[in-house]
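Given next are the chains, with one letter for each unit.
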Amino acid sequence: MTSAGRKRVLSGITATGRLHIGNYIGAISLWADNQDQYENFLFVADLHALTIPEVVAGESLRARAEEIIALYIACGIDPDLSTLFVQSDVPEHAQLGWLMICATPVSWLERSTQFKTKGKIADVDAGVGAGLLCYPALQAADILMYDADYVPVGEDQHQHVEMTRDIARRFNSLFGGTTFKVPDVLARGPGSRIMGLDDPTAKMSKSVAARQPGHAVALLDPPDRARKAIMRAVTDSQPAVSFDAPLAPGVDNLLTILECLTGTTRAHSRERFDGARYGALKDAVADVVAERLTGIQARYREITDDRPRLARLLTQGAERARAIAARKLAQAYRACGLRSPARHYHGLPFAGSAKDRP
Ligand code: TYM
């Protein structure tokens, strides 16, 4: 709980690939829905993007991070209600990340599903980097830094939040005291795992979308391209939607997308689509998705047209985040028996209280 009495939320998106409707439904729209209720810290994980250097080498990670922040706002995140920042602008994340790495058994890291699957995607001769293995420890630093009560994420990230809880408990028991608050997942329920349009047995993913057109709808795709991808989505071999038998994964996925975007229930879909041809379902989904993208993209253009405002927002966001991060880092250093970190970093004034000063 924060001083304002509101529960605190922290979440983020890695700056690899283009954001898609799975990210929007499973994460961003959940943040937007809850922003009045919670104190939100929302960031772009650009340091995490470096865990697969082969994918991001030669790109401007900064430009990507700014694109994602602009998309957060375009998707309805109000920068007056939420603190928006880029991870690398808050150097305390990397510093606390090291303490987290030291407090995390390798066996926990090796069990990470993301380590196993992304390791394969990276497909590099030299083998995956140590950063990919340590990825969940940096993620734990992101979350624990802010005493987050809740972490709103899609289903694929639940394992990482679970590990964050374990790391918090381990650090607290190793170094004594209650340095870190143990956070909970905040999940959407249906919609926390949107599947690929071309293969509804696999999660919609940024990295797969980069290789397979038709896999995902990106938030910045032209609406008519999005419409085509949905009309081509894999459903099943039956001629019409039937709720009498278990739904095919592709049909279930389209219904879930529609229900999440329109705020309707499965019972409502059943009434509307039982016996309908797949073309009618796809048309309905395509209309809703195209309309949502059109709105998001119009706002995105407004935001990116005013670069100085975006830059100001990011500076303010980083300052607000650092005011909290510096205090927590100092507390964690002291718990480890270290001296509190130096008073000034990168020209920004030390933001902690007098008692945290070295
Ligand atoms: P990332 O960038 O893979 O995904 C960002 C968010 O989108 C959700 N998501 C989905 N939800 C529903 N259906 C899908 N197909 C789908 N694909 C992705 C993810 O669950 C996530 O909520 N490790 C994180 C970034 C991160 C982070 C953090 C998140 C770094 N530090 C601290 C929360 C807190 C990641 O790579 O998410």
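Further up the page is the structure itself.
Structural notes, computed from the coordinates.

Conventions used here
Residues numbered from 1 in each chain as written. Predicted model: local features only at pLDDT ≥ 70, side-chain atom pairs only at ≥ 80, totals over all residues. Heavy atoms only, no water. Near = heavy atom within 4 Å. Polar contact = N/O pair within 3.5 Å; in protein donor to acceptor, adjacent residues only side chain to side chain. Areas by Shrake-Rupley, 256 points an atom, 1.4 Å probe, with all protein chains shown as cover. Helix = DSSP H or I, 4+ residues; strand = E, 2+ residues; numbered from the N terminus. Nonpolar A, V, L, I, M, F, W, Y, C, P; charged D, E, K, R; others polar. Disulfide = S-S within 2.5 Å. Buried < 20%, exposed > 50% of the residue type's maximum accessible area, 1.4 Å probe, protein only. Contact = heavy atoms within 4.5 Å.

### Points about the site of the ligand
(1) Moving on: Taken together, 29 residues lie near the ligand, and Thr14, Tyr135, Asp142, Asp156 and Lys206 sit nearest.
(2) Moving on: Taking Asn23, its side chain carries an N or O atom lying 3.1 Å from an oxygen atom of the ligand.
(3) Moving on: In this structure, a nitrogen atom belonging to the ligand sits 3.0 Å away from a side-chain N or O atom of Gln157.
(4) Moving on: Coverage of the ligand by the protein chains reaches 98% of its 710 Å² of free accessible surface.
(5) Moving on: When residues in the shell around the ligand are grouped by element, the largest group, five residues, is from strand E1 (residues 8-14).
(6) Moving on: Per-class residue counts for the shell around the ligand are eleven nonpolar, 13 polar and five charged.

### Side note on the state of the cysteines
(1) Moving on: Enumeration over the complete set of coordinates arrives at zero disulfides.
(2) Moving on: Cysteine Cys102 shares no disulfide, and the gap to the nearest cysteine sulfur, in Cys336, comes to 8.2 Å.
(3) Moving on: Judged by relative accessible area, Cys336 falls into the partly exposed class, the value being 23%.

### Concerning unusual backbone geometry
(1) Moving on: With a phi close to 50°, Asp147 is a non-glycine residue in the positive phi region.
(2) Moving on: Tracing the backbone shows Asp147 in the loop between helix H8 (130-144) and strand E4 (150-152).

### Quick word on the environment of Ile143
(1) Moving on: When you line up the elements, Ile143 lands in helix H8.
(2) Moving on: Judged by relative accessible area, Ile143 falls into the buried class, the value being 2%.
(3) Moving on: Remark: the alpha-carbon pair of Ile143 and Arg165, spanning 22 residues in sequence, is separated by 9.7 Å.
(4) Moving on: If we ignore the near neighbours within four places in the chain, the residues touching Ile143 are Leu10, Ala148, Val151, Thr164 and Pro183.

Just distances and angles here, no functional claims.
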